[in-house]
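Residue-level listing of the chains:
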Amino acid sequence: VNAELLGPPQEPVEWHLTLRLLTSEEQIRAARKVAAMSVRAVHGSDEDAAAVELAVGEILTNARLHAYAGGVGPVELEIRVADQAVQIVIHDEGTAITSVPVVPTAPPERGLGGRGLYIVGQLMDEASVISDSQGRGLLVELRRRLHSGV
Amino acid sequence: VFLGKVYGEVMEMSWMSDDGFLEVRTASGGHAVIVTPRGDIDLRTAPHLERALRRAVEEHRIVFLDLRDVTYIDMSGVRAIESAVPQGAPAELIAVVFPSSIVEKVVLLAGMSDVVRVLHRLDDAGIAATTARDASSHGEKDT
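All values reported here derive from a predicted model rather than from experimental measurement.

Q: Would you explain the overall build of chain A in this entry?
A: Within chain A, the regular secondary structure consists of four helices and five strands. Secondary structure elements of chain A, listed N to C terminal, follow the sequence α-β-α-α-β-β-α-β-β. A burial count over chain A gives 43% of its 150 residues as buried. A fraction of 62% describes how many contacts in chain A between residues 6 or more apart in sequence connect residues 24 or more apart. Summing over all exposed atoms, chain A offers an accessible surface of approximately 8,200 Å²; the carbon and sulfur share of this is 53%.

Q: It is not clear to me how the pattern of salt bridges should be interpreted in this structure. Could you clarify?
A: When their charged atoms lie close together, side chains carrying opposite charge are able to pair. Under the counting rule described, the total for this entry stands at 25 salt bridges over all chains. Put simply, B:D42 and A:R29 hold a salt bridge, and the shortest N to O gap is 3.0 Å. A residue pair is termed interchain when its members come from two chains, as with B:D42 in the loop between strand 3 (32-41) and helix 2 (46-59) and A:R29 in helix 2 (residues 25-41). A:R29 carries the same exposure label as B:D42, and that label is buried. A salt bridge links A:R136 to A:E93; the nearest nitrogen and oxygen atoms lie 3.5 Å apart. Here A:R136, found in the loop between strand 4 (126-131) and strand 5 (138-145), pairs with A:E93, found in the loop between strand 3 (85-92) and helix 4 (115-123); they are 43 residues apart in sequence, far enough to count as distant. For A:R136, a relative accessible area of 39% translates into the label partly exposed. For A:E93, a relative accessible area of 32% puts it in the partly exposed group. Residues joined in a network through salt bridges with shared partners are A:R29, A:R32, A:K33, A:E53, B:D19, B:D40 and B:D42.

Q: Would you mind showing me how to read the interface of chain A and chain B here?
A: Between chain A and chain B, the residue contacts involve 22 residues of the former and 25 residues of the latter. Here chain A meets chain B over a buried area of about 2,000 Å², counting both sides, of which 55% is carbon and sulfur. Of all residues in chain A, A:R29, A:R110 and A:R115 bury the most surface against chain B, accounting for 30% of the area lost on that side. The tally of links from chain A across to chain B stands at nine salt bridges. Among the secondary structure elements, those contributing two or more residues to the side of chain A that touches chain B are helix 2, helix 3 (46-67) and helix 4 of chain A. The element contributing the most residues to the side of chain A that touches chain B is helix 3 of chain A, with 10 residues. Its residues placed into classes, the side of chain A that touches chain B shows seven nonpolar, four polar and 11 charged.

Q: What is the right way to look at the nonpolar core in this model?
A: One recurring pattern in soluble globular proteins: nonpolar side chains tend to sit buried together. Residues A:I88, A:I119, B:V35, B:L65 and B:I94 are the most contacted members of the largest nonpolar core, which totals 71 residues. It is helix 3 of chain A that provides the largest number of residues to this core, a total of 11 residues. Among all residues touching B:L65, those that are not within four sequence positions of it are B:V35, B:P37, B:L49, B:L53, B:I81, B:I94, B:A95, B:V96 and B:V97. Judged by nonpolar contacts, the second largest core, of seven residues, contains B:A32, B:I34, B:F64 and B:L119.

Q: Hey, could you run me through the sheet that holds strand 4 of chain A in this one?
A: By way of backbone hydrogen bonds, the strands of a sheet pair with one another, either parallel or antiparallel. Residues and elements named next belong to chain A. The strand order across the open sheet built from five strands is 1-2-3-5-4, with neighbouring strands paired in antiparallel fashion. Of all strands in the sheet, those bounded by a partner on one side alone are strand 1 (15-22) and strand 4. Put simply, the sheet's adjacent strands are angled 10° from each other on average, direction ignored. Relative to strand 3, strand 2 (residues 74-82) runs antiparallel, the two sharing eight bridges. Bridge pairing in strand 3 places I79 opposite I88.

Procedures and definitions
- Residues numbered from 1 in each chain as written.
- Chains lettered and ligands numbered in written order.
- Predicted model: local features only at pLDDT ≥ 70, side-chain atom pairs only at ≥ 80, totals over all residues.
- Heavy atoms only, no water.
- Helix = DSSP H or I, 4+ residues; strand = E, 2+ residues; numbered from the N terminus.
- Buried < 20%, exposed > 50% of the residue type's maximum accessible area, 1.4 Å probe, protein only.
- Contact = heavy atoms within 4.5 Å.
- Areas by Shrake-Rupley, 256 points an atom, 1.4 Å probe, with all protein chains shown as cover.
- Salt bridge = Lys/Arg side-chain N within 4 Å of Asp/Glu carboxyl O.
- Buried area = accessible area lost by both parts, 1.4 Å probe.
- Nonpolar A, V, L, I, M, F, W, Y, C, P; charged D, E, K, R; others polar.
- Core = buried A, V, L, I, M, F, W, Y, C linked by side-chain atoms within 4.5 Å.
- Pairing = 2+ DSSP bridges.
- Axes fitted to C-alpha atoms, helices over the stretch in contact; angles between N-to-C directions.

Encoded structure:
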């Protein structure tokens, strides 16, 4: 077989990226754009990239507002793309809270909070919030199946 | 063009956020104004939109918020829009125009359709008629 006819070797469609960032407005913006680009890099659709960017931006903004009382603190963002799906884990190190937020499945009333988390839940196939086993903040785990944008 | 067709003379203004990620343009004529943000509406830039929108709401009876050039909007942006709309404002005060699928989802999932009217085309016939009727009833030029 003529190798030239086969074209360049196909790269495996996998992506694993870990970012450590602070919850400054600029770093939140940069991180969500990296998340969107990660989806595009594996030929996810524009809709996939936009949904992932929004989910990551919303969760990081929540970390800033709630884990760090509107200030700046450390967050780890893990993005893993494999098997036509993107999995994201966002881990803050904020003050331990007594009740872990639940991702709402129905739209919360305006003014009661939780609308951002509700939107994230609607855009992802899976979304959950758990407390860190060592008592160091919260982990938000997200998963979305990707649809080819090619 | 839309406002000019309905009201005649149009005044345009533009503001850029300090980080350059959001530009907000307004085009006003008679009792109506079109507010057009272009770029990302996030925690950093949402106050910029809120200021422009609040001013538009205070000075005009009909406000179109054209989200066609918005590349990102999260709850910071949603809250900015809601904050600019006074409690109990008439439903026709603000109409949101958007073609982007993700912006549409955010607006609808956030429950903003309770506060604003949602349009897919600025020159929607019904809206043009409403605006023209409003202009006519207030003695504005209707060309």
